[in-house]
Amino acid sequence: MNLYQSKQYIEDVVAVADLDLSWEKLRDKCMLVSGATGLVGSFLVDVILRKNQEDDLNCTVYALSRNEEKIMERFAGYCGDKHLVFIPYDIRLPLARNDIGTVDYVLHLASNTHPIQYSKDPIGTITTNIIGLQNMLEFAVAHHAARFAFASSNEIYGENRGDAEFFDENYCGYINCNTMRAGYPESKRCGEALCQAYKAQKGLDVVIPRLTRSYGPTMLMSDTKAISQFIKNGIDSEDIVLKSAGMQYYSYAYVSDSVSGLLTILLSGKSGEAYNISDESSDIMLKELAAIIADLNGKKVVFEVPDFVEAAGYSKATKARLDGHKLLTLGWRPRYDVKSGVERTISILREIR
């Protein structure tokens, strides 16, 4: 899958690279990105490399991934670029690199992020979010990072208590911690607390972007989130398979909007603060999302009972709409609503098949 062959994908990358952000903070700097081959991380790396080409930003990206072959394939269009350094690495191990000097920005984006992983590898889910995060925090301190960004999740809010339509950054809903599925949201909550501990004890400047359910052409074909499954059905012109009544009411974000929000927070966010990356135009019920993708392809929505492994990994939250007003005060604006975003995703992925 070569995204660089898609005119639409390049347009999305250029649109973020051309935003009026505080890019000068990245000029002649170094950035380390964990999860560099993931949905959000890979798009972010493409944006920085594009900005280097357009405006001579001269920002070096250290891209971390467990699979060297995978990272070489994903960024094939930039092989040989001096600003992109591949580092094969398991995030759960300390990163000891004597050849790396000061790293100005560290972005921890690595995480298990889909239901099958939650149920099949709950230990890996937790250790990546806690031990992996601590390894990155220690690296940031040792390499004198100017700022650390921890990609948190809408799942830290837990279940809606029925007292709020939207979750602002101070909301805290119910999570039953004594379950296997709690490993993801609880480890993300613990990760945010760990960031605050490093800020207080080590003097590390941290910001916490809270990503909502992100999607886009950089999604992995192995992703088992409902929206990813719907999109794969759409790409293949199949009926959309819904494995619940579809009453879940969630916030979503197209990947370019997630990355523009992430960069806005990295470059302009207040130290120690968390920010929701979300916009109301992308809030939708799951059954309505399935219907939109079905309509785009002239297909129908069909119901299928999930198997035990799938059901064990699904979120139990039924209503999780994020309040994005805090990020709007930093000047962030989304480019896509949910309908145009999923339509563009399917179009790009079909284009490069």
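Predicted, not measured: the structure shown is a model, and the values here were computed from it.

Draft legend 1. Looking closely at the pairing of strand β1 (residues 30-34). Extensive coverage of β1 is indicated by the burial of five of its five residues. With burial as the criterion, each face of β1 is covered, one bearing C30, L32 and S34 and the other bearing M31 and V33. For β1 and strand β2 (residues 60-65), the ladder comprises four bridges, and the chain directions are parallel. Counterpart to M31 in the pairing with β2 is V61. This β-α-β element, β1 to helix α2 (residues 39-55) to β2, shows right-handed connectivity.

Draft legend 2. Summary view of unusual backbone geometry. Here D56, not a glycine, exhibits a phi torsion of approximately 50°, which is positive. Notably, S237 is not glycine yet its phi reads approximately 55°, a positive angle. Looking at where S237 falls in the secondary structure, it is placed in the loop between α7 (226-235) and β9 (240-242).

Draft legend 3. Representation of the environment of E11. With respect to the helices, strands and loops of the structure, E11 is situated in helix α1 (residues 7-17). Ignoring any residue separated from it by four or fewer positions in sequence, one finds E11 in contact with R335 and R344.

Draft legend 4. Layout of the pattern of salt bridges. Across all of its chains, the model carries 19 salt bridges by this definition. For E165, the salt bridge identified is with K319, shortest N-O distance 2.7 Å. With E165 in the loop between β6 (152-153) and α6 (183-202) and K319 in strand β14 (residues 319-320), the pair connects residues that are 154 residues apart, well separated along the chain. For E165, a relative accessible area of 33% gives the class partly exposed. When its relative accessible area of 25% is taken as the criterion, K319 is described as partly exposed. For the salt bridge of D283 with R321, the shortest nitrogen-to-oxygen distance reads 3.0 Å.

Draft legend 5. Summary view of the packing of aromatic side chains. Counted under the stated rule, the structure contains seven aromatic pairs. Look at Y4 and Y78: their rings are 5.5 Å apart centre to centre, the planes differ by 85°, and that puts the pair in the edge-to-face class. Here the residue Y4 occupies a position in the segment before α1, and Y78 occupies one in the loop between α3 (68-74) and β3 (84-88), the gap between them amounting to 74 residues. For Y78, a relative accessible area of 10% puts it in the buried group. Measuring from ring centre to ring centre gives 5.6 Å for Y9 and F43, while their planes differ by 90°; the resulting arrangement is edge-to-face. Of this pair, Y9 sits in helix α1 while F43 sits in helix α2, placing them 34 residues apart in sequence. No difference in accessibility class separates Y9 from F43, as the two residues are buried. Taken together through their ring pairs, the aromatic side chains of Y157, F167 and Y171 make up a single cluster. Residue placement shows R161 over the ring face of Y171; its charged tip is 4.5 Å from the ring centre.

Draft legend 6. Geometry of helix α8 (residues 255-268). With 14 residues, α8 extends 20 Å between its outermost C-alpha atoms, agreeing within 8% with the 20 Å of an ideal straight helix rising 1.5 Å per residue. Burial analysis of α8 places 13 of its 14 residues in the buried class, which makes it a mostly covered element.

Draft legend 7. Fine view of α2. The first and last C-alpha atoms of α2 sit 25 Å apart over 17 residues, in line with the 24 Å expected at 1.5 Å per residue. Among the 17 residues that make up α2, 13 are buried, leaving the element largely enclosed by the rest of the structure. A positive phi of about 50° marks D56, the residue just after α2.

The rules behind the values
Residues numbered from 1 in each chain as written. Predicted model: local features only at pLDDT ≥ 70, side-chain atom pairs only at ≥ 80, totals over all residues. Heavy atoms only, no water. Buried < 20%, exposed > 50% of the residue type's maximum accessible area, 1.4 Å probe, protein only. Helix = DSSP H or I, 4+ residues; strand = E, 2+ residues; numbered from the N terminus. Pairing = 2+ DSSP bridges. Right-handed = clockwise from strand over helix to strand, strands pointing away. Contact = heavy atoms within 4.5 Å. Salt bridge = Lys/Arg side-chain N within 4 Å of Asp/Glu carboxyl O. Phe/Tyr/Trp six-rings, centres within 6.5 Å; stacked < 30°, edge-to-face > 60°. Lys NZ or Arg CZ within 6 Å of the ring centre and 35° of its normal. Expected span 1.5 Å × (residues − 1).

The analysis is restricted to geometry; functional conclusions fall outside its scope.
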